[in-house]
Amino acid sequence: LRITELMYNAPQGANYDYIELQNILGKTLNLSGVRFVDGVEFVFPEMVLAPGQCVVVVSNVVAFRSVYGFGVNVAGQYAGGLSGGGEQIVLQLPWPLEAAVMRFEYSDKWYPTTDGAGDALAVVDARVHPAAWNDPQTWQAASPSPGTP
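Thresholds, definitions, all that
- Residues numbered from 1 in each chain as written.
- Predicted model: local features only at pLDDT ≥ 70, side-chain atom pairs only at ≥ 80, totals over all residues.
- Heavy atoms only, no water.
- Pairing = 2+ DSSP bridges.
- Helix = DSSP H or I, 4+ residues; strand = E, 2+ residues; numbered from the N terminus.
- Axes fitted to C-alpha atoms, helices over the stretch in contact; angles between N-to-C directions.
- Contact = heavy atoms within 4.5 Å.
- Salt bridge = Lys/Arg side-chain N within 4 Å of Asp/Glu carboxyl O.
- Buried < 20%, exposed > 50% of the residue type's maximum accessible area, 1.4 Å probe, protein only.
- Lys, Arg positive; Asp, Glu negative; His and termini not counted.
- Polar contact = N/O pair within 3.5 Å; in protein donor to acceptor, adjacent residues only side chain to side chain.

All right, on to the sheet that holds strand S7 (residues 54–58) then. The strand order across the open sheet formed by 6 strands is S8-S7-S2-S1-S12-S13, and the pairing between neighbours is mixed. Since the sheet does not close on itself, it has two edges, and those belong to strand S8 (74–77) and strand S13 (139–142), each with one partner. Taken pair by pair, the neighbouring strands of this sheet meet at an average axis angle of 25 degrees, ignoring direction. Relative to S8, S7 is paired through 3 bridges, and the arrangement is parallel. Residue pairing for S8: Val56 is matched across the bridge by Val74. Helix-sheet contacts for helix H1 (residues 61–68) involve strand S1 (2–7), strand S2 (18–22), S7 and S8, and the interaxial angle to S8 is about 140 degrees.

As structure tokens, this is what we get:
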């Protein structure tokens, strides 16, 4: 499971921010109870993610749907908000486990067009080691495409 796209400072406002995740394995993943615990707070409901499939968690479901429609797989709405200046994001296994699936920090200085100018921060290759997510070269500025690999 990898975080593959961040809209952390949407030009329309924070209600339009989102985080996209993708199952990069060749088998179905059970996301039930997987949780964001830093950056934003969210616990995935009972759900599975097929190989290659994407899902998004959003700041505001109604606002998100008004821009991206109903064809995107939305797991739900997170609490808190993504920092427009960059911050640490932590995705953990279900409680009571404390192991992080992913832990990285992004920065608005990496690609200025992702900081309120309309582009999303998108991973270049979701199969690289998770430690590389802290490296700006792992990311690129891209047109928002939530829910698509």
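We are not done yet, so read on.
Using the criterion set out here, one finds 2 salt bridges in the structure. Put simply, Glu98 and Arg35 hold a salt bridge, and the shortest N to O gap is 3.9 Å. Separated by 63 residues along the polypeptide, Glu98 in the loop between strand S10 (88–92) and strand S11 (100–105) and Arg35 in strand S4 (residues 35–38) bring together distant segments of the chain. Close ionic contact of Lys109 with Asp108 constitutes a salt bridge, the shortest N to O distance being 3.9 Å. Judged by its relative accessible area of 67%, Lys109 is exposed.

Let's shift gears to the sheet that holds S11. Pairing is antiparallel across the open sheet formed by 5 strands, whose spatial order is S9-S5-S4-S10-S11. This sheet does not close on itself; its edge strands, each paired only once, are strand S9 (79–80) and S11.

Next up on the list: the side chain of Glu5. By the secondary structure assignment, Glu5 is in strand S1. Buried Glu5, no salt bridge; nearest opposite-charge side chain is Arg65, N-O distance 13 Å. Within the structure, the side chain of Glu5 is placed 2.3 Å from the side chain of Tyr18, a separation counted as a polar contact. One polar contact links the side chain of Glu5 to the main-chain amide nitrogen of Ser145, over a distance of 3.0 Å. Residues contacting Glu5, with those up to four places away along its chain left out, are Tyr18, Ile19, Glu20, Ala120, Leu121, Ala122, Trp139, Pro144, Ser145 and Pro146.

Before going further, it helps to examine H1. What sets the pattern is the α-helix's 3.6 residues per turn: residues three or four places apart point alike. For H1, the full list of buried residues reads Ala63, Phe64 and Arg65. Contacts from the buried residues of H1 go to S2, S7 and S8. The opening residue of H1 is Asn60, an N-cap whose side-chain oxygen sits 3.1 Å from the backbone nitrogen of Val62.

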